[in-house]
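Survey of secondary and tertiary structure
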Amino acid sequence: MGKNLVAIVNLPPRAMMGEESQGMLLSAVHNQDGEERLNLVMVGNNIPAGAKLY
């Protein structure tokens, strides 16, 4: 797909909704035209995998 997103990994495994989760994706929620919209936090292709978040 050619997109980079922000993921939190190396978390202890945890059951969520009956499935084992081993990471987390960061997302943002906003209202648009009276509807709640969910968007994944994405970064540009110039940010390498493993870059630190602050």
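Everything that follows concerns the structure shown earlier in this document.
In short, a report on the structure. Position numbers for residues start from 1 in each chain and track the written sequence from start to end. Two thresholds apply to this predicted model, a pLDDT of at least 70 for residue-level local features and 80 or more for giving and counting side-chain atom pairs, whereas whole-chain, interface and lining totals are computed over all residues. The basis for the side-chain values is all heavy atoms of the structure; hydrogens and waters are excluded.

Moving on to the overall build of the protein chain. Looking only at helices and strands, the protein chain features zero helices and six strands. Labels follow the DSSP assignment, with helices taken as runs of H or I lasting at least four residues and strands as runs of E lasting at least two, numbered in each case from the N terminus. Helices and strands appear in the protein chain in the N-to-C order β-β-β-β-β-β. Taking 54 residues into account, the globule formula puts the C-alpha radius of gyration at 10 Å, and the protein chain, at 14 Å, lies well above it. Dimensions of the protein chain, computed from C-alpha atoms along their principal axes, come out at roughly 40 × 35 × 25 Å. Per-residue accessibility, obtained with a 1.4 Å probe over protein chains only, is compared with the maximum for each type, and a residue is labelled buried under 20%, exposed over 50%, and partly exposed between these values. For the protein chain, buried positions account for 4% of its 54 residues. The long-range share in the protein chain, meaning contacts at least 24 apart out of those at least 6 apart in sequence, stands at 28%. In this description, accessible areas are obtained by the Shrake-Rupley approach with a 1.4 Å probe, and a residue is regarded as covered only by the protein chains that are shown. Element-wise, carbon and sulfur atoms account for 55% of the exposed surface of the protein chain, whose accessible area totals about 5,100 Å². When charges are counted, Lys and Arg are positive and Asp and Glu negative, with His and the chain ends excluded. Charged groups are reduced to one reference atom each: NZ for lysine, CZ for arginine, CG for aspartic acid, CD for glutamic acid. Charged side chains in the protein chain number 4 positive and 5 negative. The centres of these two groups are separated by 12 Å. Only C-alpha atoms enter the radius of gyration, while the globule expectation follows 2.2 Å times N to the 0.38, with N the number of residues. Between two residues, a contact is recorded if the distance between any of their heavy atoms is within 4.5 Å.

Looking at the element boundaries, G23 is found in strand β3 (residues 19–25). Aside from chain neighbours lying at most four places away, what touches G23 is I8, V9 and L11.

With respect to the helices and strands, P12 occurs in strand β2 (residues 7–16). Sequence spacing of P12 and G23 is 11 residues, and the spatial spacing of their C-alpha atoms is 8.2 Å.

Quick look at the pairing of β3 now. Moving residue by residue along a regular strand, the side chains alternate between the two faces of the sheet. Here, a strand pair is defined by DSSP locating no fewer than two bridges between the strands. Where β2 and β3 come together, six bridges link them in antiparallel fashion. Its bridge partner lying in β3, R14 is registered against S21. Hairpin connection between β2 and β3: a loop of two residues separates the two successive antiparallel strands, and M17 in this loop has a positive phi of roughly 55 degrees.

Treat this as a map of the structure, not an account of what it does.
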